[in-house]
Amino acid sequence: DFPTLSQALASPEEEHWRDALKTEIETLQKMSTWTLVTRESVKLKGRKVLPMTWASRIERKPDGTAHKFKARWCVRGDKQVFGEDYWQSFSPVCQWSSVRLMLIMSIVHNLHTRQVDYVNAFAQAELDKEIYVELPQGFQHMNDVDCVFKLNKSLHGMRDAPVHFFNLLKSNLELAGFEQMKCIDPCLFVHDKAMCVTYVDDCLWFGLDEEALDALIADVGKKMELTVESKDVSAFLGIQFSRDGDTIEMKQLGLIDKVLKATGMEECNPTSTPAENKTLGKDANGAPFNETWNYQSVIG
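Being a predicted model, the structure only gives us computed values, none of them experimental.

Scoring rules and cut-offs
- Residues numbered from 1 in each chain as written.
- Predicted model: local features only at pLDDT ≥ 70, side-chain atom pairs only at ≥ 80, totals over all residues.
- Heavy atoms only, no water.
- Salt bridge = Lys/Arg side-chain N within 4 Å of Asp/Glu carboxyl O.
- Helix = DSSP H or I, 4+ residues; strand = E, 2+ residues; numbered from the N terminus.
- Buried < 20%, exposed > 50% of the residue type's maximum accessible area, 1.4 Å probe, protein only.
- Patch = residues over 30% accessible without salt bridge, like charges linked within 9 Å, V, L, I, M, F, W, Y side chains within 5 Å.
- Areas by Shrake-Rupley, 256 points an atom, 1.4 Å probe, with all protein chains shown as cover.
- 1 Å grid on protein atoms, 1.4 Å probe; cavity = no way out; pocket = protein on both sides within 12 Å on 5 of 7 lines; lining within 4 Å.
- Points joined across faces, edges and corners; volume = space filled by probe spheres on them.
- Nonpolar A, V, L, I, M, F, W, Y, C, P; charged D, E, K, R; others polar.
- Pairing = 2+ DSSP bridges.
- Contact = heavy atoms within 4.5 Å.
- Axes fitted to C-alpha atoms, helices over the stretch in contact; angles between N-to-C directions.

**Q** Even after reading the chapter, I still don't get the pattern of salt bridges, so can you show me in this structure?
**A** Oppositely charged side chains can pair when the atoms bearing their charge come close. This structure, assessed with the given rule, holds 16 salt bridges. The partner of Glu59 in a salt bridge is Lys70, with the nearest N and O atoms 2.7 Å apart. Of the two residues, Glu59 is situated in strand 3 (residues 52-60) and Lys70 in strand 4 (residues 66-75); the sequence distance between them amounts to 11 residues. In this structure, Lys129 engages Asp160 in a salt bridge whose closest nitrogen and oxygen atoms are separated by 2.6 Å. Remark: Asp160 occurs in the loop between strand 7 (147-151) and helix 5 (161-175) and Lys129 occurs in the loop between strand 5 (112-118) and strand 6 (132-133); sequence separation between them is 31 residues. No difference in accessibility class separates Lys129 from Asp160, as the two residues are buried. Taken together, the shared-partner salt bridges connect Arg39, Glu134 and Asp146 into one network.

**Q** Explanation requested: a nonpolar patch on the surface in the structure shown.
**A** On the surface, Phe289, Tyr295 and Ile299 cluster together into a nonpolar patch covering about 340 Å² of accessible area. Assignment of secondary structure puts Phe289 in the loop between helix 7 (253-262) and helix 8 (295-299). Taking the relative accessible area as the measure of exposure, Phe289 reaches 47% and is therefore partly exposed.

**Q** Honestly, the layout of surface pockets in this entry has me stumped. Any pointers?
**A** If a probe as big as a water molecule is rolled over the atoms, it shows which places are left empty. Its volume calculated, the largest pocket comes out at about 1,600 Å³. Around the largest pocket sit 41 residues that line it, and Arg57, Glu59, Arg60, Leu237 and Gly238 are the ones nearest its centre. Elements represented by at least two residues in the lining of the largest pocket include exactly strand 3, strand 4, strand 5, strand 12 (226-230), strand 13 (235-236) and helix 7. Sort the elements by how many residues they give to the lining of the largest pocket and strand 3 lands first, with six residues.

**Q** Even after reading the chapter, I still don't get empty space enclosed by the protein, so can you show me in this structure?
**A** Using the criterion set out here, one finds one cavity of 30 Å³ or more in the structure. For the largest cavity, the full set of lining residues is Arg47, Lys48, Leu50, Asp85, Glu130, Ile131 and Tyr132. The residue inventory of the lining of the largest cavity, partitioned by class, reads three nonpolar, no polar and four charged.

**Q** It is not clear to me how the sheet that holds strand 10 (residues 195-199) should be interpreted in this structure. Could you clarify?
**A** One open sheet accounts for six strands, arranged 8-9-10-11-5-12; its pairing is antiparallel. Each having just a single partner strand, strand 8 (179-180) and strand 12 make up the two edges of the open sheet. Direction of pairing for strand 5 relative to strand 12: antiparallel, over a ladder of four bridges. For Tyr118, the partnering residue across the bridge sits in strand 12 and is Leu226. Most of the contacts of helix 4 (residues 96-108) go to strand 10, to which it runs at about 150°, and overall it touches strand 5, strand 9 (188-190), strand 10 and strand 11 (202-207). The strands touched by helix 5 within the sheet are strand 5, strand 8, strand 9, strand 10 and strand 11, with strand 10 carrying the most contacts at an inclination of about 175°.

Structure below.
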């Protein structure tokens, strides 16, 4: 699901990946993400130029089927220096207790729901410092002068990109009349006509009045480019939701299948008591772990 650029372009899905690369660059250009400058001018300022990389990913639905081929042109954040290139890298994400709370309230109060995604989210936030990066692989420009990009907006891969985006989203939600519930969850925002839970650029909106809910989303959409992915919460962060009356069931079938495949247990026999219901102790005399799969990844 995470091929390198060379793997993606050598795969049977090459056409999908080339479309994804083209879409990424065209979207960033449309958003005025950068300004073309000469490398010599950057050297004269004594500034460094950060390397870039392509990150490819197949987005899948909760049941595991391929949904979208996505390519991101990313800054090599590992080359950024704290205190020089960035000052803060932490950005809050919502607690799952907040998501469950809102789902319960949507049943009890019969709330209308919307699932909102922000288009190329990190590139919507303005930068407050000078960052220079190399041109993307395959990028063409009109002259032979050695050029680089001066970033006007933050980009994926930057250590402080999530912070810039959260601050932008928070300010626009507050301008629309929302209040941040800092004492409960910094990613829970409440309006007298709606509530919003944010997880980076994925947001769940809830409201009693459907027209008022859509009007608030449209108001925020005037300042940020967004799309309403669903008028009903059917999936969020890889978890599939299905509602039956006053019950919402949460499933991760795609992830379960992925874990079973990684451990070679696709044909395993199910049981109603798959493990002890208490913490397993350490077996100091047991055989060492000797499997082809990564234990921490599977358990995580």
